[in-house]
Amino acid sequence: MNLIEFCKVAGIKQKHLTKVERFYSEVSPYVGNKRIVNLCAGNSLLAWYFLMGGVTEEALSIDLKSTKKYQTLRDLIKKVRPDLDAMHTFLERDIYDSELGIQADDFILGLHACGNLTDRVIEIAVETGASFAIVPCCYRPDRQLLRPQQYKIPQDKSREEVVDLLRAEYVSEKGREVSLREIKSFPSPMNRLLLSHI
């Protein structure tokens with residue numbers, strides 16, 4: 001199966017595929033065959049990639065609606081790998097809904113969930129007890145939802161760094177270990193990975 005060709009047919013840019021590849025390289029060792037839940041999934045390329053990599057046997061993608069790119073990619077994959085299609089579910093739902101079916105033994109993934117959607121992904125992981133890995137984007141402090149109680153904002157950091165440090169501190173205050181690091185060779189300046197593996 002040639003995923004590069006499938007992405008071209010579906011209208012998914014090479015840059016997005018490269019982001020998914022780099023994210024997968026950083027996160028896949030932590031998944032441990034848990035079900036992955038791709039929040040703010042868009043075209044679900046992230047979920048498909050984790051399924052193709054064999055690190056999970058079940059993937060749930062959640063977004064407000066399935067896109068044409070998702071439908072095209074799914075149709076192409078289904079033709080050559082119907083087994084992968086059987087392992088993947090797309091749920092059209094708002095991530096602010098209370099019942100998403102996420103469980104403590106799931107592994108939540110998010111790649112460039114915009115602004116406060118990143119905060120919601122983190123909230124869901126903390127509320128359910130699920131592991132998570134997310135690369136945030138679209139930094140606007142006025143839209144940030146997560147506010148740790150005991151944290152002094154460093155003056156020598158960029159706005160983006162401060163927002164991610166606040167997110168990490170929020171998770172830490174909830175009693176969870178969390179790491180914050182940059183993904184090397186990531187084709188975007190928004191390359192910081194928040195990871196909390198249980």
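Just so it is clear, the structure is predicted and the values come from calculations on it, not from any experiment.

All right, on to the overall build of the protein then. Along the backbone of the protein there are seven helices and seven strands. Going from the N terminus to the C terminus, the protein shows its helices and strands as α-α-β-α-β-α-α-β-β-α-β-α-β-β. Its C-alpha atoms give the protein a radius of gyration of 16 Å, near enough to 16 Å, the size a compact globule of 198 residues would have. Referenced to the eigenvectors of the C-alpha coordinate spread, the extents of the protein come out at roughly 55 × 30 × 30 Å. Contacts in the protein between residues far apart in sequence, at least 24 positions, make up 68% of those at least 6 positions apart. With the model as given, the accessible surface of the protein reaches about 9600 Å², and the carbon-plus-sulfur share is 47%. With 28 positive and 27 negative side-chain charges, the protein shows a separation of 5 Å between the mean positions of the two kinds.

Turning to the confidence of the model for the protein, a few remarks are in order. Here the protein averages 91 in pLDDT, and 92% of its residues register 70 or above. Per-residue pLDDT, averaged within each element of the protein, yields its smallest value for helix H7 (residues 159-173) (88) and its largest for strand S1 (residues 36-39) (98).

Below, the discussion takes up the side chain of Thr118. With respect to the element layout, Thr118 can be found in helix H6 (residues 116-128). Here Thr118 falls in the buried class, since its relative accessible area comes to 0%. Once you skip the residues sitting within four places of it in the chain, Thr118 turns out to touch Ala113, Ile134, Pro136, Cys137 and Arg167.

One non-glycine residue, Cys40, lies in the positive phi region at around 55 degrees. Looking at the element boundaries, Cys40 is found in the loop between S1 and helix H3 (45-52). For Cys40, a relative accessible area of 19% gives the class buried. A positive phi is found at Ser185, a non-glycine position, where the angle reads about 55 degrees.

For the rest of this paragraph, the subject is the layout of surface pockets. Here the largest pocket defines a volume of roughly 320 Å³. Residue lining of the largest pocket: 23 residues in total, with Cys40, Ala41, Gly42, Asp63 and His112 positioned closest to the centre. Counting only elements with at least two residues in the lining of the largest pocket, the list comes to helix H2 (14-31), S1, H3 and strand S4 (107-114). Looking at the lining of the largest pocket element by element, the count peaks at five residues for S4. Here the residues of the lining of the largest pocket are counted per class, giving 13 nonpolar, seven polar and three charged.

Read across the open sheet, the seven strands follow the order S3-S2-S1-S4-S5-S7-S6; overall the sheet is mixed. Pairing within the sheet leaves two strands with one partner each, and these edge strands are strand S3 (88-92) and strand S6 (179-182). Strand-to-strand twist of the sheet, defined as the mean angle between neighbouring strand axes without regard to direction, takes the value 15 degrees. The pairing of strand S5 (residues 131-137) with strand S7 (residues 192-196) spans three bridges and is classified as antiparallel.

Calculation rules
- Residues numbered from 1 in each chain as written.
- Predicted model: local features only at pLDDT ≥ 70, side-chain atom pairs only at ≥ 80, totals over all residues.
- Heavy atoms only, no water.
- Helix = DSSP H or I, 4+ residues; strand = E, 2+ residues; numbered from the N terminus.
- Rg over C-alpha atoms; globule rule 2.2 N^0.38 Å.
- Contact = heavy atoms within 4.5 Å.
- Areas by Shrake-Rupley, 256 points an atom, 1.4 Å probe, with all protein chains shown as cover.
- Lys, Arg positive; Asp, Glu negative; His and termini not counted.
- Charge placed at Lys NZ, Arg CZ, Asp CG, Glu CD.
- pLDDT = per-residue confidence, 0-100.
- Buried < 20%, exposed > 50% of the residue type's maximum accessible area, 1.4 Å probe, protein only.
- 1 Å grid on protein atoms, 1.4 Å probe; cavity = no way out; pocket = protein on both sides within 12 Å on 5 of 7 lines; lining within 4 Å.
- Points joined across faces, edges and corners; volume = space filled by probe spheres on them.
- Nonpolar A, V, L, I, M, F, W, Y, C, P; charged D, E, K, R; others polar.
- Pairing = 2+ DSSP bridges.
- Axes fitted to C-alpha atoms, helices over the stretch in contact; angles between N-to-C directions.

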